[in-house]
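What follows is the residue order along each chain.
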Amino acid sequence: MPAEVLFDPAAAYPETGVVRAAMAARDWGRVRATVDGLPAAGRTMMLRIAGEVGNTEDMLRYLVGNDPSDSTAAATLAWRYIDAGWKIRTGAQAQDVSPEQFAAFHDWLRRAEAILIDAVARTPGDPALWTARLTSARGLEVGQAETRRRYDKLVALEPHHLPAQSQFLQTLCPKWSGSWAELHPWARGAALAAPEGAVQGVLVADAHIEHWSTLPAGDDDRYLRSEPVRAELYEAANRSVLHPDFGRDHGWVHAASSFALVFSLLGDRRAAATAFRVLGDLADEYPWYYLPGDTASQVRTRRAEALGRSAR
């Protein structure tokens, strides 16, 4: 097992490099040829990655202006604006974000919303647009009712769309005006509704990790190791990362990475080792960055503990 930790999605999803190179070359035809052949979740993921490539805003604005029905360009531009805003806001708690940061954050999200409102009116059947609208809704704090309306639109198109489900999961957390009473039943229901072997089991893991991350030291581990929580976590794992049909659908690294963390925190070296073997040298920074210190070092150390090897 290599000592390195690869967080870049290009290591798991080869189309990532193709999309980045095509965007950098301003070759929109190649971007479309790549993303149009992907499953819905993969397409949404790749459009967000495409939006991160620098010096392409003018091209995307031209594409949207020239063909307002091009929802692929609209979603990519909207993701660009959303991520620009979130970089300004950062992942800090609300009380630690300055008024100036919030103003700039909301300005970028409102730009994205303007694009998305027009795009969904023209192309309401594009899951990438609705996923982006879930993200902007959370940042603009439009309320649970409106966010739920957007999520329901997405579910009608793609009932098991992990990028959207992960965004909605965050909205249901108390830090975004949700509640644990809403979050945990929803996460379990979404996981059970998906086919066995699907990535959606990670929704249960992420919901409990979010809850765990808010608790004081000592209470956090007691919560995670409580019988009801353990039962939900293993139920979800057995339907996803531990299931023989668990494959390499888009989102598989996220799923295996979250369960590797969960099993490590539970002290279940055997299950953690299974998840780490699935991952190899890959990992997702979320939710590992909830642990103190360097994220890659945390992954290496806990991977070595699970596999009985040196972290060096």
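Everything here concerns the structure above.
Since the model is a prediction, treat every value here as computed from it, not as a measurement. (Residues numbered from 1 in each chain as written. Predicted model: local features only at pLDDT ≥ 70, side-chain atom pairs only at ≥ 80, totals over all residues. Heavy atoms only, no water.)

**Notes on the overall build of the protein**
Secondary structure summary: the protein contains 17 helices and zero strands in total. For 312 residues, the compact-globule estimate of 2.2 N^0.38 gives 20 Å, and the C-alpha radius of gyration of the protein, at 19 Å, lies within 12% of that figure. Overall, the C-alpha framework of the protein stretches about 55 × 40 × 40 Å when taken along its three principal axes. Within the protein, contacts between residues separated by at least 24 positions form 67% of all contacts whose residues are at least 6 apart in sequence. As displayed, the protein has an accessible area near 13,300 Å², and 51% of this comes from carbon and sulfur atoms. Looking at charge distribution, the protein has the averaged site of its 34 positive side-chain charges lying 2 Å from that of its 39 negative ones. (Helix = DSSP H or I, 4+ residues; strand = E, 2+ residues; numbered from the N terminus. Rg over C-alpha atoms; globule rule 2.2 N^0.38 Å. Contact = heavy atoms within 4.5 Å. Areas by Shrake-Rupley, 256 points an atom, 1.4 Å probe, with all protein chains shown as cover. Lys, Arg positive; Asp, Glu negative; His and termini not counted. Charge placed at Lys NZ, Arg CZ, Asp CG, Glu CD.)

**Some remarks on helix α7 (residues 127–140)**
Each α-helix winds once per 3.6 residues, and so residues spaced three or four apart point in a common direction. Taking 1.5 Å as the rise per residue, α7 with 14 residues should run 20 Å; its terminal C-alpha atoms sit 20 Å apart, in good agreement. Of the residues flanking the start of α7, the one acting as N-cap is D126, its side-chain oxygen 2.9 Å from the backbone nitrogen of A128. E141 sits one or two positions beyond α7 and adopts a positive phi of about 55°. (Expected span 1.5 Å × (residues − 1). Polar contact = N/O pair within 3.5 Å; in protein donor to acceptor, adjacent residues only side chain to side chain.)

**Points about the pattern of salt bridges**
Side chains bearing opposite charge may pair, as long as their charged atoms lie close to each other. What the rule picks out here adds up to 16 salt bridges. We note a salt bridge from R48 to D83, for which the minimum N-O separation is 2.6 Å. With R48 in helix α3 (residues 40–51) and D83 in helix α5 (residues 71–89), the pair connects residues that are 35 residues apart, well separated along the chain. For R48, a relative accessible area of 24% translates into the label partly exposed. A salt bridge links E210 to K175; the nearest nitrogen and oxygen atoms lie 2.9 Å apart. Residue E210 is located in helix α11 (residues 202–213), and its partner K175 is located in the loop between α9 (162–171) and α10 (180–193); the two are separated by 35 residues in the primary sequence. Connected through salt bridges with shared partners, the residues E113, R133, E146, R149 and R150 form a single ionic network. (Salt bridge = Lys/Arg side-chain N within 4 Å of Asp/Glu carboxyl O. Buried < 20%, exposed > 50% of the residue type's maximum accessible area, 1.4 Å probe, protein only.)

**Observations regarding the packing of α11 against helix α14 (residues 252–266)**
At a minimum axis separation of 9 Å, α11 and α14 run at an interaxial angle of 50°. As summarised for this structure, α11 and α14 are arranged oblique, according to the angle between their axes. The two elements α11 and α14 cross, and the hand of that crossing is left-handed. For the pair formed by α11 and α14, the contact residues are V202, A205, D206, I209 and W212 on the first element and H254, A255, S258, F259, L261, V262 and L265 on the second. Here the residues of the contact of α11 with α14 sort into nine nonpolar, two polar and one charged. (Axes fitted to C-alpha atoms, helices over the stretch in contact; angles between N-to-C directions. Parallel < 35°, antiparallel > 145°, perpendicular 65-115°, else oblique. Left-handed = near helix turned anticlockwise from the far one by under 90°. Nonpolar A, V, L, I, M, F, W, Y, C, P; charged D, E, K, R; others polar.)

**Focus on the nonpolar core**
In globular proteins that are soluble, nonpolar side chains generally tend to be buried together. Within the largest apolar cluster, 98 residues are counted, with the highest numbers of intra-cluster contacts made by M23, W186, W252 and F263. It is α14 that provides the largest number of residues to this core, a total of 11 residues. Ignoring sequence-local partners within four residues, the contact set of W186 consists of R148, Y151, Q165, F168, L169, L172 and L203. (Core = buried A, V, L, I, M, F, W, Y, C linked by side-chain atoms within 4.5 Å.)

**Some remarks on unusual backbone geometry**
Peptide bonds are trans in most cases, and residues, glycine excluded, mostly fall at negative phi. Residues Y286 and P287 are joined by a peptide bond in cis, for which omega reads 5°. Take P287: it is sitting in helix α16 (residues 285–288). In this structure, R26 takes a positive phi of about 60° despite not being glycine. Relative to the assigned elements, R26 resides in the loop between α1 (15–24) and α2 (28–35).

**Some remarks on the side chain of S257**
Looking at where S257 falls in the secondary structure, it is placed in helix α14. Looking at S257, the relative accessible area reads 0%, which means it is buried. In contact with S257, not counting residues within four places along its chain, are L279, A283, D284 and W288.

**Quick word on the packing of aromatic side chains**
Applying the stated criterion to the full structure yields 12 aromatic pairs. With centroids separated by 5.3 Å and ring planes inclined at 45°, the aromatic side chains of Y81 and W108 adopt a geometry described as tilted. A residue pair is termed long-range when its members are at least 10 positions apart, and Y81 in helix α5 and W108 in helix α6 (residues 99–122) qualify at 27 residues. As far as burial versus exposure is concerned, Y81 and W108 are alike and both buried. With 5.9 Å between their ring centres and 75° between their planes, Y151 and W186 make a pair best called edge-to-face. Of this pair, Y151 sits in helix α8 (residues 144–157) while W186 sits in helix α10, and the two are 35 residues apart along the sequence. Given a relative accessible area of 5%, Y151 falls into the buried group. Aromatic rings pair up to connect W86, F105 and W176 into one cluster. Directly above the ring of F105 sits R89, whose terminal nitrogen or CZ lies 5.9 Å from the centroid. (Phe/Tyr/Trp six-rings, centres within 6.5 Å; stacked < 30°, edge-to-face > 60°. Lys NZ or Arg CZ within 6 Å of the ring centre and 35° of its normal.)

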